[in-house]
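Structural characterization, general
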Amino acid sequence: PEVCLRLEVGPNAAVHSPLAVQNGFLHMLVHSYTAELFMSFLTNLGPFLEDETIPEVIPMEIEVVDAKITLKDDSPQVYPTSPGPVPITLAVDHVIVKRRDDGVFYLTGQQRRGNLFFLQEQKAPAECVLAAPAAGTHGLQLKEVPELQRELQTVKIALAEANMDKARLLQEIRKYNPLFQL
């Protein structure tokens, strides 16, 4: 496995983005990575990374080439005679994750046509970023958009955690009563 990490700060980082001059630009390359992770690791990773303050946006580019991650369910079995869940394998040929000045992560994949690779990038159109002015209000100021996007991201994370808690509680209830239905 090969991991390359580069952090650029200062005037030379301006080639990546204007915000990189102040906050820096992180470039990471992960090549030929193979790992086996337990599902409980992923479930408990969220609270470990949680913080009370909204962090500053650091523009970055993470490139993952030829990676393979196997997820194994290590939760207690409901039925002791069942063979258990089948591990899930996630194979990544080539993907690029970019974080721009707006704080949004963009996934870019590569399609192979013959021996050539073509980048395909999905990004939101500019009309989606600025809200249309309603009666008696003016459009969002450009500096308010990143704040709202950070707040939206925080709410999405909280919702995902609540859904995971709900699933965990339902699994705990079904351990004692397998016929329980909501």
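Residues numbered from 1 in each chain as written. Predicted model: local features only at pLDDT ≥ 70, side-chain atom pairs only at ≥ 80, totals over all residues. Heavy atoms only, no water.

**Examining the overall build of the protein**
The line we're drawing: The helix and strand labels rest on DSSP assignments: H or I over at least four residues marks a helix, E over at least two residues marks a strand, and numbering proceeds from the N terminus. Relative accessibility under 20% of the residue-type maximum defines a buried residue, over 50% an exposed one, and the middle range a partly exposed one, all with a 1.4 Å probe and only protein chains included. Any two residues having at least one pair of non-hydrogen atoms within 4.5 Å are treated as being in contact. In short, Shrake-Rupley with a 1.4 Å probe defines the accessible areas, and a residue's cover is counted only from the protein chains shown.
Counting its secondary structure elements, the protein contains four helices and seven strands. Counting helices and strands in the order they occur from the N terminus, the protein gives β-α-β-β-α-β-β-β-β-α-α. Expressed as a percentage of its 182 residues, the buried residues of the protein come to 18%. Sequence-distant contacts in the protein: of pairs separated by 6 or more residues, those separated by 24 or more amount to 56%. As displayed, the protein offers around 14000 Å² of accessible surface, 61% of which is attributable to carbon and sulfur atoms.

**Details of the side chain of serine 17**
Of note, serine 17 is situated in the loop between strand S1 (2-8) and helix H1 (20-23). Beyond its immediate stretch of four places on either side in the chain, serine 17 contacts Pro59 and Asp101.

**With respect to the pattern of salt bridges**
The criterion, for reference: For this document, the term salt bridge refers to a Lys or Arg side-chain nitrogen within 4 Å of an Asp or Glu carboxyl oxygen.
One pass over the full model with this rule turns up three salt bridges. The salt bridge involving glutamate 8 is made with arginine 6; its shortest N-O contact spans 3.1 Å. Across the salt bridge formed by glutamate 172 and lysine 175, the nearest N and O atoms sit 3.4 Å from each other. Note that glutamate 172 and lysine 175 are positioned in helix H4 (residues 144-176) at a spacing of three residues, about one turn of the helix. Among the residues examined, glutamate 172 registers a relative accessible area of 34% and is labelled partly exposed.

**Here's the deal with the packing of aromatic side chains**
Defined as follows: Any Phe, Tyr or Trp ring, taking Trp's six-membered ring, that has another such ring centre within 6.5 Å forms a pair; planes under 30 degrees apart are called stacked, those over 60 apart edge-to-face, and the others tilted. In this analysis the charged atom, NZ for Lys or CZ for Arg, is taken to sit over a ring once it is within 6 Å of the ring centre and within 35 degrees of the ring normal.
Summed over all chains, the structure comprises zero aromatic pairs. Stacked on the ring of tyrosine 106, the Lys or Arg arginine 100 has its end atom at 4.5 Å from the ring centre.

**Considering the confidence of the model for the protein**
Our working definition: The quantity called pLDDT is the predictor's confidence in a given residue, expressed from 0 to 100.
Per-residue pLDDT for the protein averages 79, and the proportion of residues at 70 or more is 81%. Within the protein, no element has a lower average pLDDT than helix H3 (residues 126-129), which sits at 37, and none a higher one than strand S2 (residues 25-31), at 94. This stretch, residues 115-140, has a pLDDT under 50; its non-local contacts, to residues over four places away or in other chains, come to 35 contacts.

**Points about H4**
Let me state the cut-off plainly: Expected helix span is given by 1.5 Å per residue-to-residue step, counting one fewer step than there are residues.
With 33 residues, H4 ought to run about 48 Å at 1.5 Å a step, and its terminal C-alpha atoms sit 49 Å apart, in line with that. Those residues of H4 not exposed but buried are Val145, Pro146 and Leu170.

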